[in-house]
Amino acid sequence: MAELLPLRFRILHYISTVDKACVEQIMKALEPEYGTEKQFKKAVFMDHLLDLKANFIIDDNDAVIDDKGELVIYYSINHEGRRLLNKYLPKGWRQK
Amino acid sequence: MNTSANQRAILMKEKLNADFARKGVLTGLFSGCTWGLNSVLLGLALGLVPILGEEAAIYAIPLAAACMNDSLAGLWLLIYNGTAGRFQEIIRSLKTFPGIMVCIAALLGGPIANGGYLLGISLAGPAYALTITALYPIVGALLSRIFLKQHIVPRVWVGMVLSIIGAIVISYVPPEGGNSSVFYLGILFASLAAFGWGAEAVLAVYGMSMIDPKIAINIRELTSGIVLAIFVLPLVGGWAVVSKVITMPVAFGAFAVAALAAGVSYLAWYKANTTIGVAKGMALNGTYVMWGVIFSVLFLDQPLTQTLVIGSGLVLVGATLVAINPKEFFKKGGEA
């Protein structure tokens, strides 16, 4: 397995491997890698997602209200996000 | 899923994004406030450094101060990131290309811009050098348009220009007569400083698309501090100043406190730049000139002259224009 990426980088990479994902799904997928770390918190993940969205690298076109009445936003990667990943993703991660 | 639930979800999402952007604006203002505090504290700390001759006052002391400020801020940030469990993120980031970009941004904004700034002042005189270096937010905004494709609305341009005029009014010093033969070289160095600070923000924001701003700023401060310490200080005799300060607990403590303000300020600036864009982030950070005046009047009994009031007023109006859209602000329940 390739070395761990910085968390924000890995979140962007994970979103590129799925059609769309909400924060809970992203955290579940990345738990084996970052789950024991102190930074593994929903607020931290949300901050990364909102920053990625503010930088026009991911989109948040899909939003729903769940059974508990809470907002769930599904994020998906866009063209600019894919371009950045293609350019800067370390070699060991390219086939993932 | 019915239509009203859909609409409610969209409204909630828009509110979340708007609140996030508003927090970014406040973070940008906070970065300006703490940078103003850093300037005042650094001034106080410099006052505690013993007189080491005229030569030292021009290059050695300011560059040693810059080195201590960046290095100590880097250490404060290391403590902050370490206790938050992000230490390994620094190592991971440095192994990626965006992490290297942040290091290059550090060199542009640290040794290159700081060096250019000091050489500009010494060769061309403060009147011209300070005016030119005050233009750095415009350089940053232009570069962010070209390289980051960030759209800047006319309101933000106007606000930025007003802020810069205000900053020039505050820091203006009447030019001394007679241009020396090195005058144009000084202008060139001052331009290099404005370019360095502008380019730093753009390059750092590009890197921060993939790296946490809290980590990026830690890398930036440590890189700048280490390069200044190893490559720049030996050239100007700066180590004599640093070793003197280290033996004086009060002076060293003053530099450490100033560096804490610098670390907090830079942390806020990098975060604001990623959240609300380089142009707004830089313009709001630029309010430090006004905050510097406020702190100096409040705590150092500096007289409040007409020039300082006018300059600070312009900075305030300019920053407000950058941060808030008046049309939306005055709408009922307006979004800023």
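Before reading on, note that the structure itself is shown above.
Starting afresh in each chain, residues are numbered from 1 along the sequence in its written order. Naming scheme: in the order in which they are written, chains are lettered from A and ligands are numbered from 1. Owing to the predicted nature of the model, reporting of local features is limited to residues with pLDDT of at least 70; listing and counting of side-chain atom pairs is limited to 80 or more, with chain, interface and lining totals taken over all residues. Only hydrogens and water are set aside when side-chain values are computed; all heavy atoms of the structure are taken into account.

A. Spotlight on the overall build of chain B. A run of H or I in DSSP counts as a helix once it spans at least four residues, and a run of E counts as a strand once it spans at least two, with each numbered from the N terminus. What chain B contains, in helices and strands, is 15 helices and zero strands. Radius of gyration (C-alpha) of chain B: 21 Å, near the 20 Å computed for a compact globule of 336 residues. Seen along its three principal axes, the alpha-carbon backbone of chain B occupies a region of about 75 × 50 × 40 Å. Relative accessibility decides the category of a residue: with a 1.4 Å probe and only protein chains considered, values under 20% of the type maximum give buried, values over 50% give exposed, and everything between is partly exposed. By the burial criterion, 51% of the 336 residues in chain B qualify as buried. Taking the contacts inside chain B whose residues are at least 6 apart along the sequence as the reference set, 86% of them involve residues at least 24 apart. Only the protein chains shown count as cover for residues, and all accessible areas are computed by the Shrake-Rupley method using a 1.4 Å probe. For chain B, the accessible area works out to roughly 15200 Å², and carbon and sulfur atoms hold 73% of it. Within these notes, the globule rule equals 2.2 Å times the number of residues to the 0.38 power, and the radius of gyration is based on C-alpha atoms. Contacts between residues were defined by any pair of non-hydrogen atoms, one from each residue, lying within 4.5 Å.

B. How the structure looks around the nonpolar core. In terms of nonpolar packing, the biggest core is built from 96 residues, with Ile-11, Ile-26, Phe-45 and Leu-49 of chain A together with Phe-255 of chain B touching the most fellow members. Considering each element in turn, this core owes the most residues, twelve residues, to helix H2 (residues 54-83) of chain B. Among buried residues, the Ala, Val, Leu, Ile, Met, Phe, Trp, Tyr and Cys ones that are joined through side-chain atoms within 4.5 Å form a nonpolar core.

C. Expanded view of the environment of Leu-162 of chain B. Residues and elements named next belong to chain B. You can see Leu-162 is positioned in helix H7 (residues 154-171). Judged by its relative accessible area of 23%, Leu-162 is partly exposed. With 157 residues separating them in the primary sequence, Leu-162 and Ala-319 have C-alpha atoms 8.2 Å apart. Filtering out sequence-adjacent residues up to four positions away, Leu-162 remains in contact with Leu-314, Val-317, Gly-318 and Leu-321.

D. Representation of the packing of aromatic side chains within the structure. All names here are of chain B. When two rings of Phe, Tyr or Trp (its six-membered ring) have centres within 6.5 Å they constitute a pair, described as stacked for plane angles under 30 degrees, edge-to-face for angles over 60, and tilted for the intermediate range. Within this structure, the stated rule accounts for 13 aromatic pairs over all chains. Considering the side-chain rings of Trp-35 and Tyr-266, the 5.2 Å spacing of their centres and the 75° angle between planes classify their relative orientation as edge-to-face. Highlighted residues: Trp-35 in helix H1 (residues 3-47) and Tyr-266 in helix H11 (residues 249-276), separated in sequence by 231 residues. The pair Trp-35 / Tyr-266 is uniform in exposure class, with both members buried. Ring centres of Trp-269 and Tyr-270 lie 5.8 Å apart, and the angle between their planes is 65°; on these two criteria the pair is classed as edge-to-face. Of the two residues, Trp-269 and Tyr-270, neither departs from the other in class, the shared state being buried. Of the aromatic side chains, those joined through ring pairs into one cluster are Trp-35, Tyr-266, Trp-269 and Tyr-270. Geometry around Tyr-80 places Arg-86 over its ring, the cationic atom sitting 5.1 Å from the centre. In this analysis the charged atom, NZ for Lys or CZ for Arg, is taken to sit over a ring once it is within 6 Å of the ring centre and within 35 degrees of the ring normal.

E. Highlighting the pattern of salt bridges. Put simply, a salt bridge is a Lys or Arg side-chain nitrogen that is within 4 Å of an Asp or Glu carboxyl oxygen. Under the counting rule described, the total for this entry stands at 16 salt bridges over all chains. With a closest N to O distance of 2.9 Å, Glu-80 of chain A and Arg-83 of chain A form a salt bridge. Of the two residues, Glu-80 of chain A and Arg-83 of chain A are both situated in helix H4 (residues 79-88); the distance of three residues between them amounts to about one turn of the helix. Note on Glu-80 of chain A: relative accessible area 29%, which makes it partly exposed. The salt bridge involving Asp-19 of chain B is made with Arg-22 of chain B; its shortest N-O contact spans 3.3 Å.

F. Summary view of helix H2 (residues 23-34) of chain A. The first and last C-alpha atoms of H2 of chain A sit only 14 Å apart over twelve residues, clearly below the 16 Å expected at 1.5 Å per residue. Residues of H2 of chain A that are buried make contact with helix H1 (7-17), helix H3 (42-54) and strand S2 (71-77) of chain A together with helix H3 (87-94) of chain B. Expected span of a helix, by definition, is 1.5 Å for each gap between consecutive residues, and there is one gap fewer than residues.

G. Representation of helix H5 (residues 126-133) of chain B. Every buried residue belonging to H5 of chain B is among Ala-127, Ala-129, Leu-130, Ile-132 and Thr-133 of chain B, and all of these are buried. Contacts from the buried residues of H5 of chain B go to helix H4 (97-124), helix H6 (136-147), H7 and helix H8 (183-207) of chain B.

H. Here's a closer look at the side chain of Glu-221 of chain B. Residues and elements named next belong to chain B. As for its position among the elements, Glu-221 is in helix H9 (residues 213-236). Exposure remark for Glu-221: the relative accessible area of 0% places this residue in the buried category. In the analysis that follows, any N or O atom pair within 3.5 Å is treated as a polar contact, provided that within protein one partner can donate a hydrogen and the other can accept it, and provided that, for residues neighboring in sequence, both atoms belong to side chains. Within the local environment of Glu-221, its side chain forms a polar contact with the side chain of Arg-220, the two groups lying 2.8 Å apart. The contact partners of Glu-221, leaving out residues within four places of it in the chain, are Asn-69, Asp-70, Ser-71, Ala-73, Gly-74, Leu-77 and Tyr-266.

I. Representation of unusual backbone geometry. Backbone geometry at Phe-56 of chain A places phi at a positive 60°, although glycine is not the residue there. Relative accessible area serves as the criterion here: at 59%, Phe-56 of chain A is assigned to the exposed category. Located in the positive-phi region is Asp-301 of chain B, a residue other than glycine, with phi close to 55°. Since its relative accessible area comes to 67%, Asp-301 of chain B is described here as exposed.

J. How the structure looks around the packing of H7 of chain B against helix H12 (residues 278-285) of chain B. All names here are of chain B. Following both chains from N to C, one finds H7 and H12 inclined at 25°, their axes separated by 10 Å at the closest point. Taken together, the axes of H7 and H12 lie roughly parallel to each other. Between H7 and H12 the crossing geometry is left-handed. Between H7, through Arg-155, Val-156 and Met-160, and H12, the contact on the second element is made entirely by Ala-279, Lys-280 and Ala-283. Residue composition of the contact of H7 with H12, by class: four nonpolar, no polar and two charged. All axes are obtained by fitting lines to C-alpha atoms, using only the stretch in contact for helices, and the reported angles, taken between N-to-C directions, cover 0 to 180 degrees. Should an angle lie under 35 degrees it is considered roughly parallel, over 145 roughly antiparallel, and from 65 to 115 roughly perpendicular; all remaining angles are considered oblique. Rotating anticlockwise by less than a right angle from the far helix to the near helix defines a left-handed crossing, while the corresponding clockwise rotation defines a right-handed one. Lys, Arg, Asp and Glu make up the charged group, whereas Ala, Val, Leu, Ile, Met, Phe, Trp, Tyr, Cys and Pro make up the nonpolar group; the residues left over, Gly among them, are polar.

K. Quick look at the packing of H11 of chain B against H12 of chain B. All names here are of chain B. Direction vectors running N to C along H11 and H12 enclose 150°, while the axes themselves pass 7 Å from each other. What the angle tells us is that H11 and H12 run roughly antiparallel. The interaxial crossing formed by H11 with H12 has right-handed handedness. In this structure, H11 contributes Ser-265, Trp-269, Asn-273 and Ile-276 to the contact, and H12 contributes Val-278, Lys-280, Gly-281, Met-282, Leu-284 and Asn-285. Looking at the contact of H11 with H12 residue by residue, the class counts come to five nonpolar, four polar and one charged.

L. Representation of the pairing of S2 of chain A within the structure. Residues and elements named next belong to chain A. Burial analysis of S2 places five of its seven residues in the buried class, the great majority of the element. Pairing between strands is defined by DSSP: at least two bridges between the two strands are required. As paired strands, strand S1 (residues 58-65) and S2 are joined by six bridges and run antiparallel to one another. Residue pairing for S2: Val-64 is matched across the bridge by Val-72. Linking S1 back to S2 in an antiparallel pair, the connection comprises five residues, with Gly-69 at a positive phi of about 80°.

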